[in-house]
Amino acid sequence: MNFELIIFGISAVIAVFGATMMIAQRNPVASVLYMILSLIAQAVCYVQLGALFLGVILIVVYAGAIMVLFLFVIMLLNLRGEEASEQDTPAVSQFTKYVFSVLLTLELVFIVKAASLDSVATQVADQVADGFGSVRQVAQVMFTNYLYPFELTGILLLVALVGAVVLAKRERDSYSSATDDADDDRSERVVE
Amino acid sequence: MVPTSAYLILAIILFGIGTVGVLITRNMIVLFMSIEIMLNAANMVLIAFSKALNLVDGHVIVFLVLTIAAAEAAVGLAMIVMVYRNRETVNVDRFSLMKW
């Protein structure tokens, strides 16, 4: 039992625990916080695999920026816990969703077992070069072999930015009519 | 030395949890986060294999996936805000009709 294995075990348990609690929570704010816990544990695994740059990026961008965006939207919408709507869904779908997710996971386990990956893992993994996964090495590959995908990602981000603004924007011209519609909807729902 | 298969099994468990989350959760935001967990599980497989094969290409792909996840989260959350504005709920069971 060496030190690396202990660190991996602890971080793997924390990652799985955080993910499980995330889907089990009823309060969305709590599930965001458990997701951040899981992401930090996954970043430890990344660093163990030699991906120093990506470990930092995972914490800074994912846990720092994207999860705060989720938290911001949850607080903007003022969401409380999930509404109890179990009686709306039929019992068949209650049952089948668990069955199918377990089946899918078992299928993935069988694929990995059938592929017999241990030969790949033990042969090469011990001789990892110095500076593997450092910023310099990742950047050298990214800006030579993967230059066009990288530039396309920039365009994708621009499109996503414009799309998010267009989607979330309230129409200024029809502001009064839009609020009238919303009021109508609200009164209809009350009548129902 | 942790074998690559250990990381693969961790990734499978995380992907399975993400699948269960997508299927059982009713809150649209938690559903989105389950999809993010599945993306992260795929990223972990890429990083594990790039170490096993001593190639840094997997890291570049993971970087691009992270960027795309950020774009997806931005657009998805904008859609959630718009849906909430129209329906006043984020419960996916209430979206069984395209129009009401």
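Given the structure is predicted, the values throughout are model-derived calculations rather than measurements.

Novice: Would you mind going over the packing of helix 1 (residues 4-24) of chain B against helix 2 (residues 28-52) of chain B with me for this structure?
Specialist: What describes two packed helices is the angle between their axes and the distance between those same axes. All names here are of chain B. Between helix 1 and helix 2, the shortest axis-to-axis distance is 8 Å and the interhelical angle comes to 165 degrees. Classified by the angle between their axes, helix 1 and helix 2 sit roughly antiparallel to one another. Considering only the axes of helix 1 and helix 2, their crossing is left-handed. Where helix 1 approaches helix 2, its residues T4, Y7, L8, L10, A11, L14, F15, G18, T19, G21 and V22 are matched on the opposing element by L31, S34, I35, I37, M38, A41, M44, V45, A48, F49 and A52. For the contact of helix 1 with helix 2, the per-class residue count stands at 17 nonpolar, five polar and no charged.

Novice: What should I look at first to understand the packing of helix 1 (residues 3-24) of chain A against helix 2 of chain B in this one?
Specialist: One can describe the packing of helix 1 of chain A onto helix 2 of chain B by two numbers: an axis separation of 10 Å at closest approach and a directional angle of 160 degrees. Between helix 1 of chain A and helix 2 of chain B, the crossing angle belongs to the class labelled roughly antiparallel. For helix 1 of chain A against helix 2 of chain B, the interelement crossing comes out left-handed. Of the residues in helix 2 of chain B, those in contact with A:A19, A:M22 and A:I23 of helix 1 of chain A are B:V30, B:M33, B:S34 and B:I37. Residues belonging to the contact of helix 1 of chain A with helix 2 of chain B are distributed by class as follows: six nonpolar, one polar and no charged.

Novice: How should I be thinking about the environment of B:A78 in this particular structure?
Specialist: Considering the arrangement of structural elements, one finds B:A78 in helix 3 (residues 57-87). With 43 residues separating them along the chain, B:A78 and B:I35 place their C-alpha atoms 16 Å apart. Not counting residues up to four positions away in its chain, the partners in contact with B:A78 are A:A164, A:L167 and A:A168.

Novice: Before we go on, may I ask you to explain a nonpolar patch on the surface in this structure?
Specialist: Together, A:F95, A:V99, A:F100, A:V102, A:L103, A:L106, A:F110 and B:L23 line one region of the surface with nonpolar side chains, adding up to about 790 Å² of accessible area. Examining the composition of the nonpolar patch, we find that seven residues originate from one element, helix 4 (residues 91-115) of chain A, more than from any other. Considering the arrangement of structural elements, one finds A:L106 in helix 4.

Novice: Sorry if this is basic, but what is going on with the side chain of A:Q48 here?
Specialist: Its place among the elements puts A:Q48 in helix 2 (residues 28-48). Reaching out from A:Q48, the side chain makes a polar contact with the backbone oxygen of A:E4 at a distance of 2.9 Å. Setting aside residues up to four positions removed in sequence, A:Q48 forms contacts with A:E4, A:I7, A:F8, B:Y7 and B:K51.

Novice: Mind showing me how you'd approach the confidence of the model for chain B here?
Specialist: Residues and elements named next belong to chain B. On average, residues of chain B carry a pLDDT of 87, and 97% of them reach 70 or more. When pLDDT is averaged over each helix and strand of chain B, the minimum, 88, is found for helix 1 and the maximum, 92, for helix 2. Across the predicted assembly, pTM comes out at 0.82 and ipTM at 0.91.

Novice: Would you mind going over helix 6 (residues 135-142) of chain A with me for this structure?
Specialist: Every α-helical turn comprises 3.6 residues, leaving residues that sit three or four positions apart pointing alike. Every buried residue of helix 6 of chain A is accounted for by A:V138, A:V141 and A:M142. All buried residues of helix 6 of chain A lie within an arc of 100 degrees about the axis, which places them on one face of the element.

How each quantity is defined
- Residues numbered from 1 in each chain as written.
- Chains lettered and ligands numbered in written order.
- Predicted model: local features only at pLDDT ≥ 70, side-chain atom pairs only at ≥ 80, totals over all residues.
- Heavy atoms only, no water.
- Axes fitted to C-alpha atoms, helices over the stretch in contact; angles between N-to-C directions.
- Helix = DSSP H or I, 4+ residues; strand = E, 2+ residues; numbered from the N terminus.
- Parallel < 35°, antiparallel > 145°, perpendicular 65-115°, else oblique.
- Left-handed = near helix turned anticlockwise from the far one by under 90°.
- Contact = heavy atoms within 4.5 Å.
- Nonpolar A, V, L, I, M, F, W, Y, C, P; charged D, E, K, R; others polar.
- Patch = residues over 30% accessible without salt bridge, like charges linked within 9 Å, V, L, I, M, F, W, Y side chains within 5 Å.
- Areas by Shrake-Rupley, 256 points an atom, 1.4 Å probe, with all protein chains shown as cover.
- Salt bridge = Lys/Arg side-chain N within 4 Å of Asp/Glu carboxyl O.
- Polar contact = N/O pair within 3.5 Å; in protein donor to acceptor, adjacent residues only side chain to side chain.
- pLDDT = per-residue confidence, 0-100.
- Buried < 20%, exposed > 50% of the residue type's maximum accessible area, 1.4 Å probe, protein only.
- Arc of directions from axis to C-beta.

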